[in-house]
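# Survey of secondary and tertiary structure
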Amino acid sequence: MTGPEPRPWIKQLDVYVGGKSHAEGAETTVKLSSNESALGASPKAITAYLEEAEKLHRYPDASYHDLRAALAEKYTIEAGQIICGIGSDEILKLACRAYIAPGDEVIFPKHSFMMYPIAAASFGGVPIEVDDTDYTANVDNILAAVTDRTRIIFLANPNNPTGTYISAKEVERLWKNIPDNILLILDSAYADFVEKDDYQAGIELVQKSRNVLMTRTFSKLYGLAALRLGWGYACPDVASILDRIRDPFNVPAPAQVAGIAALADTNFENKARAHNSKWLGILRGELIAMGLEPIPSVTNFILIKFPDKTGKTAENANEYLLKQGFILRWLPGQKLQHCLRLTIGTETQNRAVIQRLKEFMEH
Ligand SMILES: *Cc1c(COP(=O)(O)O)cnc(C)c1O
């Protein structure tokens, strides 16, 4: 007897490795490894969540009508084309489940979000990783990889873990040059942080396409990571397919009400964006001053390149920081063994991590 035999592609899956939350031996822990909100969550969202506690015995609204309406109003989009999920991760998975058969190809740039190959492979899809340029997605390389078997293209824009983005024009060029039986998934998890005139999260493209899905999350700028709330916006056909295969009560009621409250709290949103923008600049300057190489970022994190010198490598820095209770993200699994990813924290955390990094570079 050998026990139940999983499907061959399931057997080969890697387990998703999240950011560490404990630094062994250190007294206090500063967690800057998962791109969580520096300012916590909107107080209004917390209040809405707590009030919902009175109704825990009730099933949530299966069509999350109010949340859809709030999103539709905020972004001036069609409520019927919005799909909400247990984090945007669920929506990425739903798309793979709907459009991928074993052997189909799924393209994404090198140094992309770890979930893409996992989601694709869960349904027997073949992950096709294409080279990027200077840690930025390269549209020509993506186009060159398209074949008859391509079903989905994933593009995180801005990208995690690199922090870079490509312009709306480049995204449009990509879309225009692929056949419309390929689903283009624009993962815009960090769109809320971007302050660039040539950037678009994907709403305009969804509105004129038959094959684009944009995904967004409440986990980053809105600070609701614990609630697992994400949403997608797609052309009507794709939206209706995803809606049909999701679980009926996939979004818990406390997440729905907290999400609605967060969308309305523009004060918190503006504060979070201003904090991020300020510290992106300061941290970048400090990192350059100490001889490190921050990759230009439009997100709430910075990918930092370390020297290829014994004692000063990213791995050495990671060990040094962990001993002092600072958790950054070292990503050797994503071919970034020479980098650490630093999430922007509170002022105190940012100043402290800069201090430790300076000591590391000078010792
Ligand atoms: C954080 C992140 C997400 C997912 O967030 P959820 O918490 O599942 O909504 C999706 N894509 C990228 C690139 C991310 O970094």
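Residues numbered from 1 in each chain as written. Predicted model: local features only at pLDDT ≥ 70, side-chain atom pairs only at ≥ 80, totals over all residues. Heavy atoms only, no water.

What follows deals with the site of the ligand. As a matter of local geometry, the ligand sits amid Gly 87, Ser 88, Asp 89, Phe 113, Asn 160, Asp 187, Ala 189, Tyr 190, Thr 217, Ser 219, Lys 220 and Arg 228. Ser 219 places a side-chain nitrogen or oxygen 2.6 Å from an oxygen atom of the ligand. Lys 220 places a side-chain nitrogen or oxygen 3.1 Å from an oxygen atom of the ligand. When the free accessible area of the ligand is taken as 390 Å², the share hidden by the protein chains comes to 94%. Under a 2 Å grid-point criterion requiring more than half of the atoms, the pocket assigned to the ligand is the second largest pocket. (Near = heavy atom within 4 Å. Polar contact = N/O pair within 3.5 Å; in protein donor to acceptor, adjacent residues only side chain to side chain. Areas by Shrake-Rupley, 256 points an atom, 1.4 Å probe, with all protein chains shown as cover. 1 Å grid on protein atoms, 1.4 Å probe; cavity = no way out; pocket = protein on both sides within 12 Å on 5 of 7 lines; lining within 4 Å. Sits in = over half its atoms within 2 Å of the grid points.)

Within the largest apolar cluster, 84 residues are counted, with the highest numbers of intra-cluster contacts made by Leu 71, Phe 154, Leu 184, Phe 218 and Trp 231. For this core, the domains that each give at least three residues are domain 1 (16-40 + 267-362) and domain 2 (44-264). In contact with Trp 231, not counting residues within four places along its chain, are Leu 71, Tyr 75, Ile 77, Ile 82, Ile 83, Cys 84, Ile 91, Met 214, Thr 215, Arg 216 and Phe 218. (Core = buried A, V, L, I, M, F, W, Y, C linked by side-chain atoms within 4.5 Å. Buried < 20%, exposed > 50% of the residue type's maximum accessible area, 1.4 Å probe, protein only. Domains from an automatic or database assignment. Contact = heavy atoms within 4.5 Å.)

Accessible area lost during the coming together of the parts is what is often quoted as the interface size. One can read the domain layout of the protein as domain 1 (16-40 + 267-362) and domain 2 (44-264). Taking only C-alpha atoms into account, the centre of domain 1 sits 26 Å from that of domain 2. Listed per partner, the contact involves 29 residues of domain 1 and 29 residues of domain 2. The three residues of domain 1 that bury the most area against domain 2 are Tyr 16, Val 298 and Gln 334, which together make up 27% of that side's buried surface. We note a salt bridge from Lys 74 to Glu 269, for which the minimum N-O separation is 2.7 Å. Going through the elements one at a time, helix H11 (266-289), strand E10 (301-305), strand E12 (329-331) and strand E13 (336-343) are the ones with two or more residues in the side of domain 1 that touches domain 2. The dominant element in the side of domain 1 that touches domain 2, judged by the number of residues it contributes, is H11, at 6 residues. (Buried area = accessible area lost by both parts, 1.4 Å probe. Salt bridge = Lys/Arg side-chain N within 4 Å of Asp/Glu carboxyl O. Helix = DSSP H or I, 4+ residues; strand = E, 2+ residues; numbered from the N terminus.)

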